[in-house]
Amino acid sequence: MVYITEQDIISNIQETMLQSSIEKNPDILDTLEAQTIDEVKSYIGARYDTSKIFGNPPIINGMLVRIIVSLVTYRAIRRNAARKVPDDYTEMRDWAYGVLENIRDGIMPLPDAPQAVDPETGEKLSLFGLNRKPEYFL
């Protein structure tokens, strides 16, 4: 795993539940983490420099760790089709998506995370531009 550790996941889920979800394919956590990181990048990539955050070495941010752990935990539990996903994990997933939307919308900042900048000017990327022209108004 690149951004989170197995210990991070065990802090969210009992180790026996985790092991039963990954016992036939122990590399699945790497796959789930990679998919989740790609999803997180798509949410916050317009606001933060995700190539630096998830680069080598990664810039660890506690909130992003918690979000990724929540989503990886949910997906690891969800893999076992015979087991109904407990409400706790579904709520954890919903919380993670809510926080990602708040980060994306600028409601919740990520302290110490590098912001996305224009490579030519070095200035923060503008998420909004002029969307009206004076001649449209009477």
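Refer to the structure above for everything that follows.
Residues numbered from 1 in each chain as written. Predicted model: local features only at pLDDT ≥ 70, side-chain atom pairs only at ≥ 80, totals over all residues. Heavy atoms only, no water.

1. Topic: the packing of aromatic side chains
- Under the defined criterion, the tally for this structure stands at two aromatic pairs.
- Here Arg 66 stacks its cationic end above the ring of Trp 95, 4.1 Å away from the centre of that ring.
- A cation sits over an aromatic face here: Arg 93 above Tyr 74, 4.7 Å from the ring centre. (Phe/Tyr/Trp six-rings, centres within 6.5 Å; stacked < 30°, edge-to-face > 60°. Lys NZ or Arg CZ within 6 Å of the ring centre and 35° of its normal.)

2. Digging into helix H2 (residues 15-22)
- Residues of H2 that are buried: Met 17, Leu 18, Ser 21 and Ile 22. Down the axis of H2, the sector holding all buried residues measures 120 degrees, keeping them to one side.
- At its buried positions, H2 is contacted by helix H1 (6-10), helix H3 (28-44), helix H5 (62-78) and helix H6 (87-104). (Buried < 20%, exposed > 50% of the residue type's maximum accessible area, 1.4 Å probe, protein only. Helix = DSSP H or I, 4+ residues; strand = E, 2+ residues; numbered from the N terminus. Arc of directions from axis to C-beta. Contact = heavy atoms within 4.5 Å.)

3. Some remarks on the pattern of salt bridges
- What the rule picks out here adds up to four salt bridges.
- Note that Glu 39 and Arg 75 form a salt bridge whose closest N and O atoms lie 2.5 Å from each other. One end of the pair, Glu 39, is in helix H3; the other, Arg 75, is in helix H5, with 36 residues separating them in the sequence.
- The partner of Asp 49 in a salt bridge is Lys 52, with the nearest N and O atoms 3.9 Å apart. (Salt bridge = Lys/Arg side-chain N within 4 Å of Asp/Glu carboxyl O.)

4. Some remarks on unusual backbone geometry
- Here the residue pair Asn 56 and Pro 57 is connected by a cis peptide bond, since its omega of 0 degrees sits within 30 degrees of zero.
- Within the chain, Asp 112 stands out as a residue other than glycine whose phi angle is a positive 65 degrees.
- Within the secondary structure layout, Asp 112 lies in the segment after H6.

5. Observations regarding the packing of H3 against H5
- Contact pair H3 / H5: the axes reach a minimum separation of 9 Å and the direction vectors enclose 130 degrees. Our classification of the angle between H3 and H5 gives oblique. The interaxial crossing formed by H3 with H5 has right-handed handedness. Between H3 and H5, the contacting residues are Leu 29, Leu 32, Glu 33, Gln 35, Thr 36, Ile 37, Glu 39, Val 40 and Ile 44 on the first element and Leu 64, Ile 67, Ile 68, Leu 71, Val 72, Arg 75 and Ala 76 on the second.
- Here the contact of H3 with H5 is composed, by residue class, of eleven nonpolar, two polar and three charged. (Axes fitted to C-alpha atoms, helices over the stretch in contact; angles between N-to-C directions. Parallel < 35°, antiparallel > 145°, perpendicular 65-115°, else oblique. Left-handed = near helix turned anticlockwise from the far one by under 90°. Nonpolar A, V, L, I, M, F, W, Y, C, P; charged D, E, K, R; others polar.)

6. Brief notes about H5
- With 17 residues, H5 extends 24 Å from end C-alpha to end C-alpha; this agrees with the ideal 24 Å at 1.5 Å per step.
- The element H5 is extensively covered by neighbouring structure, given that twelve of its 17 residues are classed as buried.
- Structurally, the start of H5 carries an N-cap: the backbone nitrogen of Met 63 is 2.9 Å from a side-chain oxygen of Asn 61. (Expected span 1.5 Å × (residues − 1). Polar contact = N/O pair within 3.5 Å; in protein donor to acceptor, adjacent residues only side chain to side chain.)

7. Re the packing of H5 against H6
- At a minimum axis distance of 9 Å, the contact between H5 and H6 shows a crossing angle of 140 degrees. Taken together, H5 and H6 sit at an angle that is classed as oblique. Pair H5 / H6 crosses with left-handed handedness. Packed against H5, whose contacting residues are Met 63, Arg 66, Ile 67, Ser 70, Leu 71, Thr 73, Tyr 74 and Arg 75, the element H6 presents Tyr 89, Thr 90, Met 92, Arg 93, Trp 95, Ala 96, Tyr 97, Val 99, Leu 100 and Ile 103 at the interface.
- The residue makeup of the contact of H5 with H6, split by class, is twelve nonpolar, three polar and three charged.

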